[in-house]
Amino acid sequence: MANEIRLVEAIRQALDEEMARDESVIVYGEDVGVNGGVFRATKDLIEEYPEQVYDTPLAEAAILGLGVGLAGAGFRPVPEIQFASFAYQGFHQLVQHASRMRSRTRGTLGVPMTVRMPYGGGIRALELHSESYEAGFAHVPGLKTVVPANPADAKGLLTAAIRDPDPVIVLEPTSRYRASRESVPEGEHVVPLGEAEVVSEGEEVTVVAWGAMVAETIEAVEDADADAEVIDLRTVSPMDSEAILASVRKTGRCVVVHEAPRTGGLAAEIVARINDDALYYLESPVERVTGYDVPFPMFAREAAYRPDADRIRRGIERVLSA
Amino acid sequence: MVREQVAEFSVEYVQALDEEGTLDDEQAPDVDDEDLLELYRLMRLARRTDERAVALQRRGESGTYAPGIGQEAAQVGSAFALARDDWMVPSFRESAAYLTRGAPVHRLLWYAMGMEEGAEVADRNMPPSIPVGSQALHAAGLGWGQAIRRDETATLTYFGDGATSQGDVYEAMNVSGVLDAHTVFFCQNNQWAISVPRERQSRAETLAQKAISAGIEGIQVDGNDVLGVLGVARDALESARNGNPVLVEALTYRQSMHTTSDDPRVYRSEDDEGDWDARDPIVRFERYLRDEGVLDDDRAAEIADDIEALLSDEIDRARGGREEVEPAEMFDHVFAETPPELRRQKEAFEREESEEGETGPASAEDGLRGEREAGGAEIPESVEKQRDGTADEQRDEDDEVDDRG
Ligand SMILES: Cc1ncc(C[n+]2csc(CCOP(=O)(O)OP(=O)(O)O)c2C)c(N)n1
């Protein structure tokens, strides 16, 4: 059975099903209750699960720190950070506590917290509502970070994250929340963390993307005069290097696409892994198509900042002609 | 065992002009008729600016906007108390305060239109803080600087009731107390933080009492009473100039949506919203001005006409500016001097822009590669100095990357 729903509804479905399955799952955050979240991802859940859904005061450090404590008390906290850019207000709780509790306690205490946060540009949002700093989370040992690109994965990855015994950041691409209705399995649907998906197979070039950039990449590949293999990374940390390496060994060429700034972005990490394990298969240098090293512009300039299908297509053409 | 009371606190509430428009002379600030009319004009201008900005957003001409309808007295009254040399550290709902400080309407509209041009700092106003509450610390720093220099100036920062739940706001008040900072914390308690009502933000009876734990003064004022706010803000600024920071809680009400992307019907009923005729800050003040003979129909109409004329000019100007947005400017102000890699990114971007539509490999990042082959871009002297000669290494690295192709 499958239903045609949008990404934001798939998120809601996963929360609904997981709260029904496990009453230790607690959904909380700013405006997630009565208001159903500013993107309506938690719409009506407070009525269905009055003991499991809570509005909190406006305090991200509290929201993330509470999760560590709730976990200690035997709950599975699923806080929402209203926009990823405000995770910094509680970043210390993630870096200093949530991510390393298991390690510090030699495995006796874990933090099975799943932090949902909308991220990324393309919706004409206010300043500081469009950043994608997945590399920052990926840089923290002990944190897992997933970025779904479509409704089915949104449901499956979120479900897996909630069931995961360790802290997981789920970055939800705001521009995809309502972009399309797609088929999503009804009932239990789990997409394992740490596994990339080959979205379309090809022989000439590998294109790696995640989150909002997957749709742009698919569009670019349709227009490009190339037999491209598209990989949706899905989990950016821990990263499925094997999927990328296997593809690059086959195609010999690679383009990595991300919306985040170029310097220190995850494309650099991917290039390093290819260097380590597939360098001699390469027929041209790996190409990066990314955001620029500038603060994410306000929306009058955001289209110029974000990689789009055109820029990605040119990246593909460049590696092919090199 | 000893058990005795060691401290006792209370919080005062101030109102000068009541709902009927009657003035309590004891609480009234010293203002002449000219000031009274200016306060009135500014409140009306702010209201109309918000209404026009919301309409522009609805027509797709601008982005998300946070109107301050209902909060004009709190903002205009407090900003009016600031001297030119004082600093203002606002959040995202402070159009009325910016206007009172002389900011032109088209700037506010540019910001709403998604243009960095709208956030330019002018006349000792910080750009609006989008993260809730974190700006209070900047006000603490500014106020500390004023204390170190023994300046006669002060700093006033705005935030909402929701912001008082943030650690940063408490830290700001606490450090200001310890450092004798010249800072006034002005909380507009408009009863809602998006969907969360004031009572769900804190169990404290007043927000003003949050000052007590920081050891600074806290006071409440009727935030819909422009004269009460002006008086309290003047006193608070005076106290801050002497190294005694103050938290002012202005009790007001957000009459419209949180922002243009918000639908308040989801979380509050019309009953909650109540009858605004009695509580509206502009209605109340206008009644008083008419009773006092400061304002009559002709004068009111004249002010309204001037505001409409000003707004239509400013909206034209905002639209004109929007037509001229240069995307490549996003690279220009990241650093005072653009580092080489960022300059390369800009040049690549410009090349890509100019070749947009043309197909084939001759595009942006290709140009970037060509430049690397030529030995890298020139590096500004000062950067080279700062880097202590490492700029050349950087160039070699770039070449290396390219050699593999
Ligand atoms: C640190 C941070 N968290 C969350 C948000 C999203 N957000 C924007 S405004 C707002 C409510 C603010 O309420 P309040 O402080 O009472 O000010 P008001 O909007 O009522 O003027 C929220 C949650 C944000 N901008 N910054």
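Residues numbered from 1 in each chain as written. Chains lettered and ligands numbered in written order. Predicted model: local features only at pLDDT ≥ 70, side-chain atom pairs only at ≥ 80, totals over all residues. Heavy atoms only, no water.

Some words on the overall build of chain A
Then comes step 1: In terms of helices and strands, chain A carries 12 helices and 14 strands.
Then comes step 2: Rg of the C-alpha trace for chain A: 19 Å, near the compact-globule value of 20 Å for 322 residues, within the 12% margin.
Then comes step 3: Taken along its principal axes, the extent of the C-alpha atoms in chain A is 60 × 40 × 40 Å.
Then comes step 4: Residue burial in chain A is summarised as follows: out of 322 residues, 62% are buried.
Then comes step 5: Roughly 11300 Å² of accessible area belongs to chain A as shown, and the carbon and sulfur atoms make up 49% of that amount.
Then comes step 6: Treating the 31 positive side-chain charges of chain A as one cloud and the 52 negative ones as another, the clouds have centres 3 Å apart. (Helix = DSSP H or I, 4+ residues; strand = E, 2+ residues; numbered from the N terminus. Rg over C-alpha atoms; globule rule 2.2 N^0.38 Å. Buried < 20%, exposed > 50% of the residue type's maximum accessible area, 1.4 Å probe, protein only. Areas by Shrake-Rupley, 256 points an atom, 1.4 Å probe, with all protein chains shown as cover. Lys, Arg positive; Asp, Glu negative; His and termini not counted. Charge placed at Lys NZ, Arg CZ, Asp CG, Glu CD.)

Considerations on the pattern of salt bridges
Then comes step 1: Overall, the coordinates contain 48 salt bridges over all chains when judged by the stated rule.
Then comes step 2: The salt bridge involving A:Asp153 is made with A:Arg234; its shortest N-O contact spans 3.2 Å. In this pair, A:Asp153 sits in helix H7 (residues 151–163) while A:Arg234 sits in the loop between strand E11 (228–232) and strand E12 (235–237), placing the two residues 81 residues apart along the sequence.
Then comes step 3: The exposure class of A:Asp153 is buried, given its relative accessible area of 5%.
Then comes step 4: Taking relative accessible area as the criterion, A:Arg234 reaches 8% and is therefore assigned buried.
Then comes step 5: Ionic pairing is found between B:Arg59 and B:Glu61, a salt bridge with its closest N-O pair at 3.5 Å. (Salt bridge = Lys/Arg side-chain N within 4 Å of Asp/Glu carboxyl O.)

Regarding the nonpolar core
Among soluble globular proteins, nonpolar side chains are generally buried collectively.
Then comes step 1: Formed by 82 residues in total, the largest nonpolar core has its most connected members in A:Leu94, A:Met117, A:Trp210, A:Ile270 and A:Ile274.
Then comes step 2: Those residues in contact with A:Met117, other than ones at most four positions away along the chain, are A:Ile81, A:Ala84, A:Ala87, A:Phe137, A:Ile169, A:Val170, A:Leu171 and A:Glu172.
Then comes step 3: Counting 67 residues, the second-largest nonpolar core is a separate cluster that includes B:Val14, B:Ala103, B:Ala233 and B:Ile303. (Core = buried A, V, L, I, M, F, W, Y, C linked by side-chain atoms within 4.5 Å. Contact = heavy atoms within 4.5 Å.)

Some words on the confidence of the model for chain B
Residues and elements named next belong to chain B.
Then comes step 1: Averaged over all residues, the pLDDT of chain B equals 89, while 88% of them reach at least 70.
Then comes step 2: Within chain B, no element has a lower average pLDDT than helix H16 (residues 390–403), which sits at 31, and none a higher one than strand E4 (residues 183–189), at 99.
Then comes step 3: The complex prediction reports pTM at 0.92, with the ipTM value standing at 0.95. (pLDDT = per-residue confidence, 0-100.)

Considering the site of the ligand
Then comes step 1: Taken together, 21 residues form the shell around the ligand, and within it A:Glu60, B:Arg93, B:Ile130, B:Gly162 and B:Trp192 come nearest.
Then comes step 2: Neighbouring residues of the ligand are not confined to one chain but are distributed across chains A and B.
Then comes step 3: At a separation of 3.0 Å, an oxygen atom of the ligand approaches a polar backbone atom of B:Ala163.
Then comes step 4: A distance of 2.8 Å is found between an oxygen atom of the ligand and a backbone nitrogen or oxygen belonging to B:Trp192.
Then comes step 5: Alone, the ligand offers 580 Å² of accessible surface; in the complex the protein occludes 95% of this.
Then comes step 6: Looking at the shell around the ligand, its residues break down into 10 nonpolar, seven polar and four charged. (Near = heavy atom within 4 Å. Polar contact = N/O pair within 3.5 Å; in protein donor to acceptor, adjacent residues only side chain to side chain. Nonpolar A, V, L, I, M, F, W, Y, C, P; charged D, E, K, R; others polar.)

Concerning the sheet that holds strand E9 (residues 197–200) of chain A
Residues and elements named next belong to chain A.
Then comes step 1: Judged by pairing direction, the sheet is mixed, and its five strands sit side by side in the order E9-E11-E10-E13-E14 without closing on themselves. The sheet is open, and its two borders are formed by E9 and strand E14 (287–290), each paired with just one other strand. Adjacent strand axes in the sheet meet at a mean angle of 25° when their direction is disregarded.
Then comes step 2: Sheet topology places strand E10 (residues 205–209) next to strand E13 (residues 254–258); three bridges connect them, and they run parallel. Its bridge partner lying in E13, Val208 is registered against Val256.
Then comes step 3: Contacts from helix H10 (residues 266–278) reach E10, E13 and E14 within the one sheet, and its direction differs from that of E13 by about 155°. (Pairing = 2+ DSSP bridges. Axes fitted to C-alpha atoms, helices over the stretch in contact; angles between N-to-C directions.)

Quick notes on the pairing of strand E8 (residues 246–251) of chain B
Residue and element names in this part refer to chain B.
Then comes step 1: Of all six residues in E8, five are buried, a share of seventy percent or more.
Then comes step 2: The pairing of E4 with E8 spans six bridges and is classified as parallel. Residue pairing in the sheet places Phe186 in a bridge with Val248 of E8.
Then comes step 3: Here strand E7 (residues 217–222) pairs with E8 via six bridges, running parallel. Across the sheet, the residue bridging to Glu217 is Val246, located in E8.
Then comes step 4: Each parallel crossover has a hand, and the one from E7 via helix H8 (residues 226–241) to E8 is right-handed. (Right-handed = clockwise from strand over helix to strand, strands pointing away.)

A word on the side chain of A:Thr159
Residues and elements named next belong to chain A.
Then comes step 1: Here Thr159 shows up in helix H7.
Then comes step 2: Polar contacts involving the side chain of Thr159 include one to the main-chain carbonyl oxygen of Lys155, which spans 2.7 Å.
Then comes step 3: Non-local contacts of Thr159, meaning those with residues more than four positions away in its chain, are made with Ala14, Glu18, His189 and Val190.

A look at the sheet that holds E4(B)
Residue and element names in this part refer to chain B.
Then comes step 1: Pairing within the open sheet is parallel, and its six strands lie in the order E1-E7-E8-E4-E3-E2. Pairing within the sheet leaves two strands with one partner each, and these edge strands are strand E1 (12–14) and strand E2 (87–89). Across this sheet, the average inter-strand angle for adjacent strands is 25°, counted without regard to direction.
Then comes step 2: In the packing of helix H6 (residues 167–179) onto the sheet, contacts are made with strand E3 (155–160), E4 and E8, and the angle to E4 comes to roughly 150°.

Section: a nonpolar patch on the surface
Residue and element names in this part refer to chain B.
Then comes step 1: A contiguous nonpolar patch, built from Trp144, Ile148, Val175, Val178 and Leu179 and spanning about 450 Å² of accessible area, is present on the exposed surface.
Then comes step 2: For the nonpolar patch, the secondary-structure elements that each account for two or more residues are helix H5 (136–148) and H6.
Then comes step 3: Per-element tally for the nonpolar patch: the top contributor is H6, with three residues.
Then comes step 4: By the secondary structure assignment, Leu179 is in helix H6. (Patch = residues over 30% accessible without salt bridge, like charges linked within 9 Å, V, L, I, M, F, W, Y side chains within 5 Å.)

Quick look at a negative patch on the surface
Residues and elements named next belong to chain B.
Then comes step 1: Judged by side-chain charge, Asp24, Asp25, Glu26, Asp30, Asp32, Asp33, Glu34, Asp291 and Glu292 come together as a negatively charged surface patch.
Then comes step 2: Within the residue set of the negative patch, elements represented by two or more residues are helix H1 (33–58) and helix H11 (281–292).
Then comes step 3: In this fold, Asp30 is placed in the loop between E1 and H1.

Considering the packing of aromatic side chains
Then comes step 1: Counted by the stated rule, this structure contains 14 aromatic pairs over all chains.
Then comes step 2: Residues A:Tyr88 and A:Phe91 carry aromatic rings whose centres are separated by 6.0 Å and whose planes lie at 70° to one another, so their mutual orientation is edge-to-face.
Then comes step 3: For A:Tyr88, a relative accessible area of 34% puts it in the partly exposed group.
Then comes step 4: Here the aromatic cluster, defined as three or more aromatic residues joined through ring pairs, consists of A:Tyr292, A:Phe296, A:Tyr305, B:Phe331 and B:Phe349.
Then comes step 5: One Lys or Arg, B:Arg279, reaches over the ring of B:Tyr253 and ends 5.7 Å from the middle of that ring. (Phe/Tyr/Trp six-rings, centres within 6.5 Å; stacked < 30°, edge-to-face > 60°. Lys NZ or Arg CZ within 6 Å of the ring centre and 35° of its normal.)

Some remarks on unusual backbone geometry
Then comes step 1: The peptide bond linking A:Ser237 to A:Pro238 adopts the cis configuration, its omega dihedral lying at -5°.
Then comes step 2: With respect to the element layout, A:Pro238 can be found in the loop between E12 and helix H9 (241–251).
Then comes step 3: Although it is not a glycine, A:Arg124 sits at a positive phi angle of roughly 50°.
Then comes step 4: Tracing the backbone shows A:Arg124 in the loop between strand E5 (114–119) and helix H6 (134–138).
Then comes step 5: Judged by relative accessible area, A:Arg124 falls into the partly exposed class, the value being 36%.
Then comes step 6: Its identity as a non-glycine residue notwithstanding, B:Arg150 has a phi of 55°, on the positive side.
Then comes step 7: Tracing the sequence through the fold places B:Arg150 in the loop between H5 and E3.

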